[in-house]
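Observations on the model geometry
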Amino acid sequence: MNTQAGRLFGVLLAVSAAVTPHVRAGQDETCYPDNRNATSTALGKGTLGMAWATSRDVGSHLYRNRAGIRPGSRLVEESAPVSTDSKGGMSAKGGAKVAAISVPVPNRWEVFGSIYYQSEDSDGDRVVNRKKKKDDKYEKDDKYDKKYDIRRIGGGGGGAGAALVAVPGFASSTDSSLEVFGGSVGAEYHVNRNWSVGVGIGAAQGDLDMGSAGSADIDSVAISPYVSYYRADTVGSADLWAGLMYSYGMHSYETHRYTGAGIATGEPDADTHTIEFNVGLNFGEDDFVHGPYAGLRYITGQVDAYTEVGPGATFFGEQDVDSLVSILGYQVSWKLRGGSGYWVPQLRVGWEHEFEDGNTTAFGIPYAAADEDIGVVGAGIGYWWDNGWHLGLEYEGRFGSDTEAHYGAVTAGKEF
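This text gives an overview of the structure that appears in the document. (Residues numbered from 1 in each chain as written. Predicted model: local features only at pLDDT ≥ 70, side-chain atom pairs only at ≥ 80, totals over all residues. Heavy atoms only, no water.)

1. Quick look at the side chain of S333
Inclusion rule: Helix numbering and strand numbering both begin at the N terminus, where a helix is a DSSP run of H or I of at least 4 residues and a strand a DSSP run of E of at least 2. Residue burial is assigned from relative accessible area. The probe radius is 1.4 Å, only protein chains are included, and a residue is buried under 20% of its type maximum, exposed over 50%, and partly exposed in between. N or O atoms closer than or at 3.5 Å make up a polar contact, with two conditions inside protein: a donor-capable atom paired with an acceptor-capable one, and, for residues adjacent in sequence, both atoms drawn from side chains. It only takes one pair of heavy atoms within 4.5 Å for two residues to be counted as in contact.
Note that S333 resides in strand 16 (residues 319-334). By relative accessible area, which is 1% here, S333 ends up buried. Only 2.9 Å separates the side chain of S333 from the side chain of Q346, close enough to count as a polar contact. When neighbours within four sequence positions are excluded, S333 is seen to be in contact with R66, A67, F288, V289, P345 and Q346.

2. Regarding helix 2 (residues 36-55)
Stated formally: A helix is expected to span 1.5 Å for every residue after the first.
Relative to the 28 Å expected for 20 residues at 1.5 Å per residue, helix 2 spans 29 Å between its end C-alpha atoms, a close match to the ideal helical length. Positioned one or two residues after helix 2, D57 has a phi angle of 45°, which is positive.

3. Let's talk about empty space enclosed by the protein
Short version of the rule: A 1.4 Å probe that fits but cannot get out identifies a cavity on a 1 Å grid over protein atoms alone, an open set with protein on both sides within 12 Å along at least five of seven lines counts as a pocket, and a residue lines either if it has an atom within 4 Å of a point. Grid points are joined across faces, edges and corners, and a volume is the space filled by probe spheres set on the points. By the convention adopted, Pro, Cys, Tyr, Trp, Phe, Met, Ile, Leu, Val and Ala count as nonpolar, Lys, Arg, Asp and Glu as charged, and the other residues, Gly among them, as polar.
With the rule as written, the count across this model stands at seven cavities of 30 Å³ or more. Computed from the structure, the largest cavity encloses a volume of approximately 330 Å³. Lining the largest cavity are 25 residues, with L62, R66, E276, N278 and E396 positioned closest to its centre. Counting only elements with at least two residues in the lining of the largest cavity, the list comes to helix 2, helix 3 (61-67), strand 10 (238-258), strand 12 (269-285), strand 13 (288-303), strand 16, strand 18 (341-354) and strand 22 (389-399). Here the residues of the lining of the largest cavity are counted per class, giving eleven nonpolar, five polar and nine charged. Looking at the second largest cavity, its volume works out to about 160 Å³. If you go around the second largest cavity, you meet 19 residues; those closest to its centre are R56, D57, G59, S114 and S184. Mapped onto the lining of the second largest cavity, the elements with two or more residues apiece are helix 2, strand 3 (109-122), strand 22 and strand 23 (403-415).

4. Focus: the layout of surface pockets
Put simply, the second largest pocket is a space of about 400 Å³. If you trace the second largest pocket, you find 20 residues lining it, with G68, R70, Y230, D239 and D286 closest to the centre. Here the residues of the lining of the second largest pocket sort into seven nonpolar, six polar and seven charged.

5. So, the environment of G317
If you trace the backbone, G317 turns up in the loop between strand 15 (315-316) and strand 16. Placed eleven residues apart in sequence, G317 and Y306 show a C-alpha to C-alpha distance of 6.6 Å. The residues touching G317, leaving out its near neighbours within four places in the chain, are V303 and A305.

6. A few points about a nonpolar patch on the surface
Threshold: Each patch groups residues whose relative accessible area exceeds 30% and which form no salt bridge, using 9 Å between like charges and 5 Å between nonpolar side chains of Val, Leu, Ile, Met, Phe, Trp and Tyr. Each accessible area is a Shrake-Rupley estimate made with a 1.4 Å probe; only the visible protein chains count as cover when residues are assessed. The salt bridge definition used is simple: a Lys or Arg side-chain nitrogen within 4 Å of an Asp or Glu carboxyl oxygen.
Residues L336, W343, I381, W385, W389, L391, L393 and V410 make up a contiguous nonpolar surface patch of roughly 740 Å² in combined accessible area. Listed by contribution, the elements that provide at least two residues to the nonpolar patch are strand 21 (373-385) and strand 22. If one sorts the elements of the nonpolar patch by residue count, strand 22 sits on top with three residues. Within the secondary structure, W343 sits in strand 18. Since its relative accessible area comes to 40%, W343 is described here as partly exposed.

None of this, on its own, says anything about what the molecule does.
Set out below in structure tokens:
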């Protein structure tokens, strides 16, 4: 081994022995937080949120049913035989004359549209496996980064030379928020005074902030057919109304996950199916209506499996999302006559209960369970013109122990 090749081999062995301990030490010291579960949890919540937003109260038919607003009518001129003598009586000769008279004809069709905004904030669940004193030690450290649950070492204040080290004991979903801008258009056909059928098509864009896990952009399209029923004086003097809707949603994601080594991106798709049934009673006169309502809403779907690209990329398996919610509430609506139509303000309060327990797991860690109980407050005001046009504003607030959401919409329609 006294040859040149032997001497070179010996030098390589010496360099390797000197460098290896430092490399291993760096590997032990620099470990990045595992946020795959937080990412999956946020995507699941985001999918349910988009399904709810794109199918909510299509055509505002629930608002109208709760307020007891029935399809209007229009005046149509028709010809009718008229024959009178000079004294106002029927003429005995000369034959019948024809005149145009206005006859009310029920409106059969309605076209509608809406523009809405929704925001939803969800608190994350944090599992901590260390004592309080140790928590304080990390959180009081000026190098502790609360956003990512990590400490930065070296590089002074988290600069380019800083290494990221996971704080021991943190394994959780993080706070997340969803903002949705969207709209819908559709048509409704009034079969008769009791039955109506309709379909709406909605599109929306969502911005999902996954907290320490990253973010995602969402594009959604939904088609929502529905049938509505209204019958006066069904339960004594109370009117009965009911509505059944199905909605199919298609959602495309562009995810940006923070891996510690950089940003890994993914492009999963998701499909959702929503079925919602609502029923209620209206008491009171035409100018003041109040009554209880109840319903069930079931959402099921899948987020497709996908493989990320970029530093720290990984594979995410197929994910199921499910939600079964009961709805109970009470509403008050009244009519105020305007110059060429009437105003219809409405106030309502409700309670929703989630039956899904959130026991699904990802990467061996349970998802954060959804709020079991949500308090709902709603308000709206609409104006219905005598010529068939209507315009409305709606707001709904949803409040749970870990969730807060706000929905606002501008609606419009025309009967003919």
